[in-house]
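Observations on the three-dimensional arrangement
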Amino acid sequence: MVATPVPAPPAADRAGSAQMLRMLRVLQVLDALGDIGARPSDTKDERLRHGSLILASLLIVLLSFVWVVTYLFYGHPVAAAIPGTYQVLTVAGLLVLARTRRFAVFRTTQFLAFLVLPGLLQISLGGFVASSGMVLWVAFTPLAALAMLGVRRALAWLTACFVWLVLLAILDSGLAAHPAQLPDAFVVTFFVLNVMGVTVSAFVMLGYFVEQRERARAALELERERSERLLLNVLPSAIARRLKEKDDVIAEHYDDVSVLFADLADFTEHAMVLPAVELVALLDRIFTAFDEVADAYDVEKIKTIGDAYMVAGGLPEPRPDHLQAIALTALAMREELERVAHETGHSWLAVRIGIDSGPAVAGVIGRRKFIYDLWGDTVNTASRMESHGLTGEIQVTERVAAALREQFVIRPRGTVAVKGKGLMQTFLLTGQLPEAATAEMPAVRPESTNTEVT
């Protein structure tokens, strides 16, 4: 058999991969800089600020070699000594920072060096023109302070920058009388280099800072979306919005809602012999199917308790057809459980469902693990319809049967002694009348095995 050669990736893909690899390496270097002298208690944002300033300082140290060598070459050792002093201060400052972890000292030293040394270099060369605009580096001080300290604390450095520039302007006429003897081409070239150096240094530092902040913002936004999804898994969307807008008691009285309780018959006995993983996976599959049924008919899942499932219609947003929606939900839930029983081989799976309709109170309780819940006689009666029901059947109260007779198949069960309620006439919901089914019930099939269990 002849092996088929694997085609090489396109040149553009290779170039993109190489560029991505280089970016990752640069980010690793930058993150390592932020760890120099960092304390265990430093936040991610603080390390970001540290790395930004250290990166800018090292870039200026490298650029300073050009000034030192050039000024020495043209016979100006004093001018060469000033950028050389900055190099020594920076290297020594980093060593002290690594030992003492006192970043504030390093930061202040760097700001003073950014502010003072360019001005001293200008003085030594004879003013603004002869120094090739070296004083442009002074503008780097308030920019760095803005990134490191914020607007309010950076104002002091901005003021110091303006005062220093005014003083240099006053001295310039006297300094220009005895300028350093440098070629015109050299002066122009270094002016361009100074502009480029200040721009690149500021851009790199602020760009790195902004990029890291953007990454942090994106991570925060992702976390916010995750929290939003979790909140919507616990609360209806309308209630979640109210809870975020104001922190007060959320409670509503509803004149007419429908409540459904579903319980897996004899599930506790079978759960005792099922392996834990299989048990949880089975419940997850069943309740995922129930969740999708509830979504399909736009009714509100309230909670699950063990192997019981509670859903309501007509809240938090009232709707006139809530009872019909709950009835369709009950029929679809029973059908879905039959499908799961067939597919999993657990033929013993069956459900009891109870429904009642009437007034109820709904609200949010708790502050840490809050829950949206319902209270009232309607809720209690629906629960009794389930607990006193028949396996595989949907038992409803007399008022529910009266409201659904025109659209659903209802047959009387008879008088049942209901705990806490006495004797009650109950009915069984068995299906939908053909003439009432203007459209087929939507097919509900679970697409994943993930579900939230309250």
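Conventions adopted
Residues numbered from 1 in each chain as written. Predicted model: local features only at pLDDT ≥ 70, side-chain atom pairs only at ≥ 80, totals over all residues. Heavy atoms only, no water. Helix = DSSP H or I, 4+ residues; strand = E, 2+ residues; numbered from the N terminus. Buried < 20%, exposed > 50% of the residue type's maximum accessible area, 1.4 Å probe, protein only. Contact = heavy atoms within 4.5 Å. Areas by Shrake-Rupley, 256 points an atom, 1.4 Å probe, with all protein chains shown as cover. Core = buried A, V, L, I, M, F, W, Y, C linked by side-chain atoms within 4.5 Å. Patch = residues over 30% accessible without salt bridge, like charges linked within 9 Å, V, L, I, M, F, W, Y side chains within 5 Å. Salt bridge = Lys/Arg side-chain N within 4 Å of Asp/Glu carboxyl O. Pairing = 2+ DSSP bridges. Axes fitted to C-alpha atoms, helices over the stretch in contact; angles between N-to-C directions. Parallel < 35°, antiparallel > 145°, perpendicular 65-115°, else oblique. Left-handed = near helix turned anticlockwise from the far one by under 90°. Nonpolar A, V, L, I, M, F, W, Y, C, P; charged D, E, K, R; others polar.

**Things to note about the overall build of the protein**
- Counting its secondary structure elements, the protein contains 13 helices and 8 strands.
- Here the protein holds 454 residues, and 44% of them are scored as buried.
- Considering only contacts in the protein between residues 6 or more positions apart, those separated by 24 or more positions represent 72%.
- If you sum the accessible surface of the protein, you get close to 24400 Å²; carbon and sulfur atoms cover 63% of it.

**A closer look at the nonpolar core**
- In this structure, Tyr71, Phe111, Phe114 and Phe140 are the most contacted members of the largest nonpolar core, which totals 46 residues.
- Listed by contribution, the elements that provide at least two residues to this core are helix H2 (44-73), helix H3 (77-100), helix H4 (103-125), helix H5 (140-149), helix H6 (151-175) and helix H7 (184-234).
- Setting aside chain neighbours within four positions, we find Phe140 in contact with Ala56, Ile60, Phe114, Ser201, Ala202 and Met205.
- Counting 43 residues, the second largest nonpolar core, distinct from the first, contains Ala262, Ala294, Val351 and Val396.

**A closer look at a nonpolar patch on the surface**
- Judged by side-chain polarity, Leu136, Val188, Phe191, Val192, Leu193, Val195 and Met196 come together as a nonpolar surface patch covering roughly 570 Å² of accessible area.
- Inspection of the secondary structure assignment puts Leu136 in the loop between H4 and H5.

**Regarding unusual backbone geometry**
- A cis amide bond, omega -5 degrees, links Leu315 with the succeeding residue Pro316.
- Along the polypeptide, Pro316 turns up in the loop between strand E3 (308-313) and helix H11 (322-344).
- Notably, Arg101 is not glycine yet its phi reads approximately 60 degrees, a positive angle.
- With respect to the helices and strands, the residue Arg101 is situated in the loop between H3 and H4.
- Given a relative accessible area of 38%, Arg101 falls into the partly exposed group.

**A short note on the pairing of strand E2 (residues 300-305)**
- Where E2 lies against E3, 5 bridges are found, and the strand directions are antiparallel. When the sheet's bridge partners are listed, Ile305 is paired in E3 with Ala308.
- In textbook terms, the turn of a hairpin is the stretch between consecutive antiparallel strands, and for E2 and E3 this stretch comprises 2 residues, one of which, Gly306, has a positive phi near 65 degrees.

**Focus on the packing of H2 against H5**
- In contact at an axis separation of 9 Å, H2 and H5 are set at 155 degrees when each is read in the N-to-C sense. Comparing their axes, H5 and H2 come out roughly antiparallel. Of the two possible hands of crossing, H2 and H5 adopt the one that is right-handed. Note on element contacts: H5 touches H2 through Phe140, Ala147, Met148 and Leu149, opposite Arg49, Ser52, Leu53, Ala56 and Ile60.
- Looking at side-chain class alone, the contact of H2 with H5 contains 7 nonpolar, 1 polar and 1 charged residues.

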